[in-house]
Structure formats: structure tokens, C-alpha cells
Amino acid sequence: MAELARNRQLVVPLEAIGLTDIPSVGGKNASLGELIRELTAQGVRVPGGFATTSEAYRLFLSHNGLDQPLRQLLSQLDSTDLGALQAAGAAARQRILAAFLPESLQQAIISAYADLRHNEGVGDGESLSVAVRSSATAEDLPDASFAGQQDTFLNIQGEAALLDACRRCYASLFTDRAISYRQNNGFDHLEVALSIGVQRMVRSDLAAAGVIFTLDTETGFRDAVLLTASYGFGENVVQGAVNPDEYLIFKPTLQQGHAPIISRRLGSKEIRMVGVESADPGTSTRNVPVADVDRRRYAIGDDEVLTLARWACRIEQHYSSQHGVPTPMDIEWAKDGLSGELFVVQARPETVESRQSSAVLRSWHLEAHDAELISKGRAIGASVSSGRARVIADPTGIDQFENGDLLVTNRTDPDWEPILKKAAGVITNQGGRTCHAAIIAREMGITAIVGCGDATTTIADGETVTASCCEGDVGRVYRGALAYRLEEQDIGDLPSTRTQILVNVGNPEDAFKLAAIPCDGVGLARLEFIIANQIKVHPMALLEPERVSDLEQRAAIAKLTAGHPHPADYYLDLLSQGMARLAAAFYPRPVILRFSDFKSNEYAKLLGGADFEPHEENPMIGWRGASRYVAPAFREAFALECAALRHVREDMGLSNVIPMIPFCRTPEEGDRVLAEMARHGLRRGVNGLQVYVMCELPSNVIGAEAFAERFDGFSIGSNDLTQLTLGLDRDSALVADLFDERHPIVKDMIRMAIRTARRCGRKIGICGQAPSDYPEFARFLVEQGIDSISLNPDAVVQTRLAIAALEQEMGVAAKLS
């Protein structure tokens with residue numbers, strides 16, 4: 001009985017522990033127990049297993065007389081002396097690997113392993129494959145985070161290999177990175193203990209695995225789930241050895257029962273980690289190539305993505321309730337290739353973006369340049385860094401590295417952290433947004449571009465480069481030191497206004513970041529950016545690819561659309577994702593999304609466009625906007641826009657999107673467009689669908705009452721309204737000095753439009769820079785009672801302050817509310 005009691009103190013089943021047991025089993029193991037105990041009933045699947053305790057670790061040290069030798073090795077260590085750090089770490093690990101597990105601990109582990117084999121239905125004589133993970137803890141500092149500091153061993157089979165893996169886990173408490181971390185954070189090395197978690201191995205080497213964050217890791221946007229997936233064991237995703245598939249799922253409408261996968265990016269997934277039968281825990285896995293056909297498809301299906309996202313939301317909700325504050329989570333998952341079942345194998349609170357202040361909006365901007373682009377990958381964060389590039393193959397090259405250099409390497413793991421502490425940035429060939437390099441870069445506040453593929457060959461060692469993450473999801477490396485600036489805006493405690501302050505958005509990749517700006521929604525989201533910069537192909541060239549005469553363009557289109565059942569599905573997929581990201585970022589605030597408004601000369605520049613576009617002498621007032629949507633030569637392209645919008649509103653649940661019709665010349669043309677929309681399932685008034693129209697033609701103003709009968713709101717396009725009212729071409733330098741939206745005649749047109757809209761009970765706003773550039777113009781709009789003003793992002797804060805002061809001065813808040 002005494003031995004049994006002793007065993008229970010040395011080893012505990014995961015289902016017997018929870019978050020209150022962190023001092024004895026560490027955060028990783030306590031979290032696994034918590035998930036099994038509290039969330040199994042909610043459908044969250046976690047593999048069974050057991051954990052050794054901190055008492056077991058201390059027994060191991062005392063049994064082998066290691067306390068004093070380890071203290072002597074580390075007590076005077078300066079971890080900034082990298083040579084001394086490496087020597088001390090190697091000596092500490094050697095001592096532990098030469099030691100023996102006490103007999104009582106060995107028996108406790110073997111007994112727990114036998115129980116696990118029995119629970120998993122493994123017969124006598126058969127081995128059970130397990131994962132062996134380290135979980136460090138400090139008994140007097142239960143909230144300390146030691147994530148990623150110690151080693152993991154996968155596909156461990158048999159008692160002898162298990163005991164060996166446990167000893168190696170103990171040794172990993174003294175890796176160079178772990179020693180450095182503890183010393184930098186003020187932890188006594190001998191006060192930190194290590195618990196070992198042993199779980200039944202999920203056979204994801206036969207399927208897929210990955211990482212989930214319950215926020216957007218680059219912006220801290222809380223309403224998204226970021227999920228990555230790749231073939232094989234998940235260690236490759238964590239270490240950044242592969243470029244995984246990547247998904248964004250929108251939490252609010254997911255929990256309403258919709259299927260809001262708002263972004264989907266196919267990763268290259270070049271290798272797969274699989275299990276190997278081996279008595280040596282260090283050789284129990286290996287990487288094998290992934291077949292091209294598998295690389296070109298997603299590792300898991302959409303239904304599995306949504307299931308994992310729902311689990312992630314439940315885990316986040318549980319931890320938030322336990323902690324009493326919102327607690328975004330960092331989760332590892334795996335799919336078993338034998339059973340087809342999904343599992344959560346780790347979960348811990350996210351510790352970087354969730355702690356960022358939201359009172360200050362920081363944005364980096366590159367100055368205009370013509371520098372050579374030498375590599376690109378996934379942008380981590382939104383910063384910019386310049387410095388000397390050091391191309392280093394492994395951490396032993398640390399002597400080449402100086403403070404402020406940019407590290408260029410294949411990938412990083414925790415052994416690189418002493419170098420990263422000196423770096424201005426890191427650029428890797430491999431990895432995705434959830435890999436080690438990305439996570440550490442966020443923690444350290446340095447610029448990171450991952451998954452470049454060719455960085456170590458295209459960037460020369462020693463050359464000066466600029467790493468830019470401020471241009472959207474794509475991070476770019478330029479030759480030379482480019483000028484850039486950092487802008488900071490205090491967005492705390494801004495006053496409210498009666499006049500809604502909206503923002504103009506072009507690039508969906510900026511939407512999560514821009515959603516932090518204190519605005520009332522989006523007044524103008526342009527589809528043109530998505531079509532020109534992400535799709536790049538004329539929609540009719542995708543519907544009728546055989547009509548594309550240029551063979552090079554035809555080949556380029558085929559390459560872009562590879563993997564889609566039909567080329568038009570490529571257009572529909574990317575367009576709906578762009579729409580969805582814009583809508584999700586500002587949900588439930590309104591997002592006014594303008595249907596495409598390219599002119600014929602602009603459409604002709606897209607791939608395949610020249611075969612479908614006429615030559616017009618004056619495309620500014622030619623075949624554009626509403627007239628295209630009902631024309632036989634374009635109506636099927638407009639059908640794709642309608643299908644994308646319907647998918648976003650109905651399937652994803654993003655009903656805050658308000659479509660807007662541009663350049664609608666007559667009420668009758670408006671009727672034809674509305675009928676065309678209805679033909680594709682977008683019927684005004686059904687499912688709360690509102691439809692707005694641009695007010696940018698004199699006919700829109702003069703006939704505003706008739707337009708108000710057909711549409712739910714107006715948005716004044718001051719640029720087109722000014723040029724068409726004054727009869728000038730704003731692109732002509734000869735008459736550019738005559739263009740002025742403040743001209744009394746133009747203001748009369750705007751005044752008339754606002755008054756008619758208000759009389760007819762319709763919303764009316766304006767999208768443009770004039771209200772921020774000209775305070776007197778903003779005053780004019782507020783005096784007329786305009787409902788909203790939509791601005792470029794950099795003008796929102798100052799314009800809100802100005803309009804709040806103006807409304808207070810004018811007393812309009814009381815008069816017009």
C-alpha cells in the first residue's frame with residue numbers, strides 16, 4: 001500500500017488532474033487533464049494518458065545527487081556569454097543523461113503505461129505508441145510560461161524506449177534555450193521542475209495535424225480562429241519545417257450555425273513526418289516527401305476545419321470562464337489516419353497578441369521607392385526592419401551574428417532563440433503563421449517573414465536588406481536600406497458623433513488591422529482591389545477561357561486556376577473570401593461593398609481582358625458600372641459577383657454586407673440591375689438585404705426621389721459628381737485646376753441630394769477625402785445633416801475629433817438625433 005501511495009504521487013492519470021494542479025504537473029499536462037475532465041462531454045476529443053509529477057523529478061535529482069553539481073554549473077553563468085552558455089548546457093545535459101531513474105519511478109511509469117495499453121485495448125505482447133512531452137513548472141510561480149522550452153518525443157514504443165524518452169525529457173530542462181529563458185526571467189534553475197506527459201499517439205502520420213489560435217495572430221483580432229494544417233505529425237508545423245495550409249474562420253457566425261471559412265490558403269506541404277520503429281527516441285520519426293497530387297490539395301476537409309474551430313471556441317470559452325477574463329488559446333490538433341477521428345493534443349493560453357494594448361494604433365509605412373524585390377513570404381505582424389542580412393545554416397553560427405542583423409535561415413526552432421534576441425528580424429525559407437519563428441518574433445517584437453522558399457539563396461550574406469511586413473499578408477524583402485516611418489495614434493476615449501464616421505477599405509488583408517480604428521463601419525469597400533491584385537484575371541476569361549488568344553496569358557490563367565473544378569470557381573472563391581474578410585472584420589457594423597466599377601481600359605489590363613473589352617475613346621463615361629451588369633457581354637461575370645455575395649451573406653452569415661451599385665444612370669437601369677440580382681438569389685428586402693446606389697451623376701441628384709423608391713441608401717461619390725457637374729475630365733492636366741468639390745454649384749448638388757434623401761427616409765453618406773482635407777467642407781456636410789462620412793483610414797481619428805467639436809459647437813447632436 002505504501003508503494004501504491006508513492007506511485008500515485010509520482011505518476012497521475014490525465015483525467016485525475018486539472019488547472020489547479022499546475023504546480024505539480026505543469027501547465028501543459030494540467031491543461032490536458034482539464035480538457036478531458038471538462039470538455040469531453042462537449043465533444044472535444046483528447047487522447048488519454050498520464051503525467052509524472054514535479055515530486056518525481058525532484059526524486060530523480062536527489063536519487064542521483066544532481067542538485068549540487070547542477071547548481072555549481074549554473075549559479076555563476078552569464079547567459080549572454082553564448083560560449084559559456086553552450087558549455088554549461090552540454091555539461092548539465094550530460095550529467096542527467098548519465099543518471100538513472102529511481103526504481104520506484106520506473107515502476108510507476110511502467111504501471112501507468114500498462115494501464116494506458118489496457119484502456120486503449122492493446123493486447124498482451126503488443127506495444128502502444130505514445131507521445132512523450134515535457135511540461136515545466138515552478139511551484140511558487142504557477143502562472144509562469146515555459147512553452148516550447150523543452151523537448152517532445154513522438155512515436156515511442158515499448159517500456160525501455162519510454163523510460164529513455166523520460167530521461168531525455170528531464171535533460172531537455174537544461175537546453176541552452178531553457179537555461180537562457182530562466183535566467184532572463186529571474187527563475188532559479190533548481191526551483192523549476194519538470195513533469196512528463198505521456199499520451200496515446202494519434203496516428204496523424206497517416207493523416208494530418210496542425211495548430212489553432214483563437215485570434216488572428218498578426219493583428220490580435222479576437223473574432224477569428226486561425227487554423228493551420230499539414231500532413232503527418234504536427235511537429236513540422238510547430239517547428240516551421242513546412243508551409244502549411246491556412247484557414248481563417250469567423251467565430252460569431254460559426255457559433256450561430258453558419259460555415260464562415262473566410263480565408264483559405266493552400267500551403268506547399270513538401271514533407272510529412274512519419275513514425276519509424278526504433279528503440280532510440282531520437283530516431284522514432286523521419287520526414288518523407290509528399291506526393292505532388294497531395295500537395296496540390298488541402299490536408300483536411302472543410303467540415304473538419306469547422307469542427308476544429310468549434311472545439312477551439314469551446315476551449316476558449318472554458319478557459320475564459322476559469323480565468324474570469326477573455327483568454328485566447330493556442331491549440332495543437334491531430335487527425336488519426338486509422339480511425340479518421342480528430343483530437344486536441346495540447347492547449348495553452350496565447351501570450352502575445354492577447355496582451356497588446358488596444359489604446360494605441362501603430363502602423364508602419366514604407367516611403368516611395370523603386371528597390372529590387374529579392375524574396376517574399378508570409379508577413380508576421382506589420383513592422384519594417386532594415387539591416388545586414390546574415391545567412392546562417394544552424395545556431396552554431398552565432399559568432400557571425402551581431403545586434404541589429406537580420407537572420408536568414410531555412411527555419412528556426414527554440415535553439416535559435418539566443419540569436420533571435422539580438423536580431424532586428426528573421427527571414428525563413430519554411431514555416432507558416434503558427435511556426436516557431438513566427439511566435440518568437442511576435443514575443444520579441446521583431447520583424448519576421450516566413451515561408452519564402454528561396455530566401456537563403458536569393459539574399460546574399462552580409463548585404464543590407466529591408467524586410468517589410470506593412471504591405472498586407474505578403475512580406476517582402478527588398479535590396480538596400482529603405483526609408484520608412486512609424487505612426488502611432490491614440491485611439492482611447494474618442495468622442496461619439498451623430499454623423500457616422502466610416503472608413504474606406506481596399507485590401508481585405510488590411511481589414512482586421514483597420515477594424516481597430518474607432519469607426520462605425522465601412523462606407524466604401526471596392527471589389528476592384530480584390531480583382532486586380534488577388535484574382536488578376538478578367539472574369540469572362542475564366543468563364544470562356546477558350547476565347548483567350550494570347551497563349552502566354554492562357555497558360556498563366558491555367559496556372560492560377562489549377563486545383564479548381566472550373567476556372568470560374570477560382571474567381572468565385574477568391575472574391576467571396578475577400579468580401580468575407582472585409583465583412584467579418586467590422587461585423588456587425590455595416591460594410592457597404594461596391595460592385596465592380598472598372599472601366600473598359602482597366603478591365604483590358606487583366607489577364608485575358610483584351611479579348612473581351614472594346615476600345616473606348618472616353619471610358620470614364622463609357623461602359624462601366626450598372627450598364628455592364630445587364631449587358632449580354634458581361635452579365636454572366638456579374639453573376640459571379642452576385643454568387644460570391646450570396647455565399648458570404650447566407651452561407652457564412654455575414655449579413656452586414658450592403659451591396660452598392662455604381663454609375664447607375666437612370667432609375668430604369670437600376671430596375672434592370674435589381675432584377676438581375678434577384679435572378680441570382682439576391683432580392684432586396686429578403687434576409688434583411690439592403691441595396692445602396694452611388695450618387696455620382698447629376699441624374700442621381702435630379703432623380704433622387706425616383707432612385708430612393710428603388711434603393712435603401714445613397715453614397716455620394718464626390719469625384720465623379722464634381723467632374724460630371726462641372727463638365728471636366730479629372731485625369732486631364734489641362735483642366736485639373738478647375739476640379740474642386742467645394743465649388744458652389746457642386747455643393748448645391750450635394751445639398752439637393754442630402755435633402756431629397758432625408759425627405760424620402762433614405763440614408764445618405766459621402767466617401768472621399770474632402771471632409772478631412774477641408775474643415776469647411778466637413779462643416780457644410782454636417783450642417784446639411786449628412787448621415788455618414790467615409791474616409792481613408794489615416795484620417796479617421798482626426799476627422800472624428802473635428803466633427804465631434806463641430807457638432808458640439810453647432811448643437812446638431814440634439815437637433816438632428
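Residues numbered from 1 in each chain as written. Predicted model: local features only at pLDDT ≥ 70, side-chain atom pairs only at ≥ 80, totals over all residues. Heavy atoms only, no water.

Focus on the overall build of the protein
Helix and strand content of the protein: 32 helices and 30 strands. Here the C-alpha atoms of the protein give a radius of gyration of 30 Å, agreeing with the 28 Å that 2.2 N^0.38 yields for 817 residues. For the protein, the C-alpha atoms occupy an extent of roughly 95 × 55 × 50 Å along the three principal directions. Taken over 817 residues, the protein has a buried fraction of 56%. When contacts within the protein are restricted to residue pairs at least 6 apart in sequence, long-range pairs at least 24 apart make up 70% of them. When the accessible surface of the protein is split by element, carbon and sulfur atoms take 48% of a total near 32000 Å². Taken as two groups, the 80 positive and 107 negative side-chain charges of the protein have centres that lie 3 Å from each other. (Helix = DSSP H or I, 4+ residues; strand = E, 2+ residues; numbered from the N terminus. Rg over C-alpha atoms; globule rule 2.2 N^0.38 Å. Buried < 20%, exposed > 50% of the residue type's maximum accessible area, 1.4 Å probe, protein only. Contact = heavy atoms within 4.5 Å. Areas by Shrake-Rupley, 256 points an atom, 1.4 Å probe, with all protein chains shown as cover. Lys, Arg positive; Asp, Glu negative; His and termini not counted. Charge placed at Lys NZ, Arg CZ, Asp CG, Glu CD.)

Some points on the packing of helix H28 (residues 744-759) against helix H30 (residues 775-784)
Taken N-terminus to C-terminus, the directions of H28 and H30 make an angle of 30°; their axes are 10 Å apart at the nearest point. When the axes of H28 and H30 are compared, the pair comes out roughly parallel. For the element pair H28 and H30, the recorded crossing hand is right-handed. Judged by residue contacts, Lys 747, Ile 750, Arg 751, Ile 754, Arg 755 and Arg 758 of H28 engage Phe 777, Phe 780, Leu 781 and Gln 784 from H30. Considering only residue class, the contact of H28 with H30 consists of 5 nonpolar, 1 polar and 4 charged. (Axes fitted to C-alpha atoms, helices over the stretch in contact; angles between N-to-C directions. Parallel < 35°, antiparallel > 145°, perpendicular 65-115°, else oblique. Left-handed = near helix turned anticlockwise from the far one by under 90°. Nonpolar A, V, L, I, M, F, W, Y, C, P; charged D, E, K, R; others polar.)

Points about the packing of helix H23 (residues 635-651) against helix H24 (residues 667-679)
Put simply, H23 and H24 touch, their axes get as near as 10 Å, and they point 60° apart. Classified by chirality, the crossing of H24 by H23 is right-handed. Where H23 abuts H24, its residues Arg 635, Glu 636, Phe 638 and Cys 642 lie against Val 673, Glu 676, Met 677 and Arg 679.

Observations concerning helix H12 (residues 302-323)
For H12, with 22 residues, the first-to-last C-alpha span of 31 Å sits near the 32 Å given by 1.5 Å per residue. Two residues or fewer past H12, Gly 324 is found with a positive phi of approximately 80°. (Expected span 1.5 Å × (residues − 1).)

A word on the pattern of salt bridges
Tallied over the full model, the rule gives 56 salt bridges. Of the charged contacts in the structure, one is a salt bridge between Asp 740 and Arg 742, with a shortest N-O distance of 3.1 Å. Residues participating in the shared-partner salt-bridge network are Asp 216, Glu 218, Glu 246, Arg 378, Arg 433 and Arg 442. (Salt bridge = Lys/Arg side-chain N within 4 Å of Asp/Glu carboxyl O.)

Details of H23
If you check H23, its first and last C-alpha atoms are 23 Å apart, about what 17 residues at 1.5 Å a residue would give, namely 24 Å. Listed in full, the buried residues belonging to H23 are Ala 637, Phe 638, Ala 639, Leu 640, Glu 641, Cys 642, Ala 644, Leu 645, Val 648 and Arg 649. Of the residues trailing H23, Gly 653 is marked for its positive phi of about 80°.

Describing the nonpolar core
Ile 535, Phe 586, Ile 661 and Met 677 are the most contacted members of the largest nonpolar core, which has 107 residues in total. Top contributing element to this core by residue count: helix H20 (residues 567-586), with 12 residues. Sequence-distant contacts of Ile 661, that is, excluding residues within four places in its chain, are made with Phe 595, Ala 626, Tyr 629, Val 673, Met 677, Val 691, Tyr 692, Val 693, Met 694 and Phe 711. Judged by nonpolar contacts, the second largest core, of 69 residues, contains Phe 50, Leu 163, Leu 194 and Ala 441. (Core = buried A, V, L, I, M, F, W, Y, C linked by side-chain atoms within 4.5 Å.)

Remarks on the sheet that holds strand E7 (residues 224-231)
One open sheet accounts for 6 strands, arranged E9-E8-E7-E6-E12-E13; its pairing is antiparallel. Each edge of the open sheet carries a strand with a single partner, namely strand E9 (261-265) and strand E13 (342-349). With strand direction ignored, the average angle separating the axes of adjacent strands in the sheet is 15°. In this sheet, E13 lies alongside strand E12 (residues 329-335) in antiparallel orientation, the contact comprising 7 bridges. (Pairing = 2+ DSSP bridges.)

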